[in-house]
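Residue-level structure breakdown
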Amino acid sequence: KLNAMKFMSLLMLYAVAHKPSLMPIVSNRMIKLSFNFGFCDDSLLGLAMAAYGIVNFGNDIMAGYRVGKVAESLIEESQSKQTLRNRLVTVWYGHSRMFVEPIQASREKFIELYNQSMLSGDLENALYS
């Protein structure tokens, strides 16, 4: 199941740009797998993607914001939080959080995540930020 989560996590990152309607389906499947078999790092990305789907497809901004805040707080507790935060840039800070918090509040976070991504060699997520 861990390989399935990794595959769906990668699929989600590309679905943001090419097939956004696929995101709620895949994130739902990721969350169901997480509840059945336990949480892993990719589960947190699925939770953030679910927040994105709630905001953009469900039109419930506050519910999506709350789910995204849960994902953000779980990522801060994770052992591999640097990598997860870099992957979260596009989805949480760029698409979901800005509906509730002012964009100026995310500016410092984007700069911080850009620098972290560049230091860790994660060019893809650095360019997203």
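Right, let's walk through the structure included here.

Let's shift gears to the overall build of the protein chain. Counting its regular elements, the protein chain contains 7 helices and 0 strands. A compact globule built from 129 residues should have a C-alpha radius of gyration of about 14 Å, and the protein chain, at 14 Å, falls within 12% of that. Of all 129 residues assigned to the protein chain, the portion counted as buried reaches 44%. A separation threshold of at least 6 residues defines the contact pool for the protein chain, and within that pool the share at least 24 residues apart is 57%. Carbon and sulfur atoms form 60% of the exposed surface of the protein chain, whose accessible area is close to 7,100 Å².

Further remarks concern the packing of helix H1 (residues 2-18) against helix H2 (residues 23-37). Helix packing for two helices is described by the angle between their axes and how far apart those axes are. Two elements in contact, H1 and H2, have axes separated by 10 Å at closest approach and are oriented at 155°. When the axes of H1 and H2 are compared, the pair comes out roughly antiparallel. Handedness of the H1/H2 crossing: left-handed. Contacts between H1 and H2 involve Met 5, Met 8, Ser 9, Leu 11, Met 12, Ala 15 and Val 16 from the first element and Met 23, Val 26, Ser 27, Arg 29, Met 30, Leu 33 and Ser 34 from the second. Split into classes, the residues belonging to the contact of H1 with H2 amount to 10 nonpolar, 3 polar and 1 charged.

Tracing the sequence through the fold places Tyr 93 in helix H5 (residues 81-96). The exposure class of Tyr 93 is buried, given its relative accessible area of 2%. With 12 residues separating them in the primary sequence, Tyr 93 and Ala 105 have C-alpha atoms 9.7 Å apart. Beyond its immediate stretch of four places on either side in the chain, Tyr 93 contacts Glu 72, Leu 88, Met 98, Ser 106, Lys 109, Phe 110 and Leu 113.

The description of an aromatic ring pair rests on the distance of the ring centres and on the angle between the ring planes. Within the structure shown, the criterion is met by 2 aromatic pairs. Ring plane angle 80° and centroid distance 5.8 Å describe the contact between Phe 35 and Phe 39, whose orientation is recorded as edge-to-face. Among the residues examined, Phe 35 registers a relative accessible area of 62% and is labelled exposed. Ring geometry for Tyr 52 against Phe 57: centres 6.5 Å apart, planes inclined by 75°, an arrangement best described as edge-to-face.

Thresholds applied
Residues numbered from 1 in each chain as written. Predicted model: local features only at pLDDT ≥ 70, side-chain atom pairs only at ≥ 80, totals over all residues. Heavy atoms only, no water. Helix = DSSP H or I, 4+ residues; strand = E, 2+ residues; numbered from the N terminus. Rg over C-alpha atoms; globule rule 2.2 N^0.38 Å. Buried < 20%, exposed > 50% of the residue type's maximum accessible area, 1.4 Å probe, protein only. Contact = heavy atoms within 4.5 Å. Areas by Shrake-Rupley, 256 points an atom, 1.4 Å probe, with all protein chains shown as cover. Axes fitted to C-alpha atoms, helices over the stretch in contact; angles between N-to-C directions. Parallel < 35°, antiparallel > 145°, perpendicular 65-115°, else oblique. Left-handed = near helix turned anticlockwise from the far one by under 90°. Nonpolar A, V, L, I, M, F, W, Y, C, P; charged D, E, K, R; others polar. Phe/Tyr/Trp six-rings, centres within 6.5 Å; stacked < 30°, edge-to-face > 60°.

Fair warning: the whole summary comes from geometry, so function is off the table for now.
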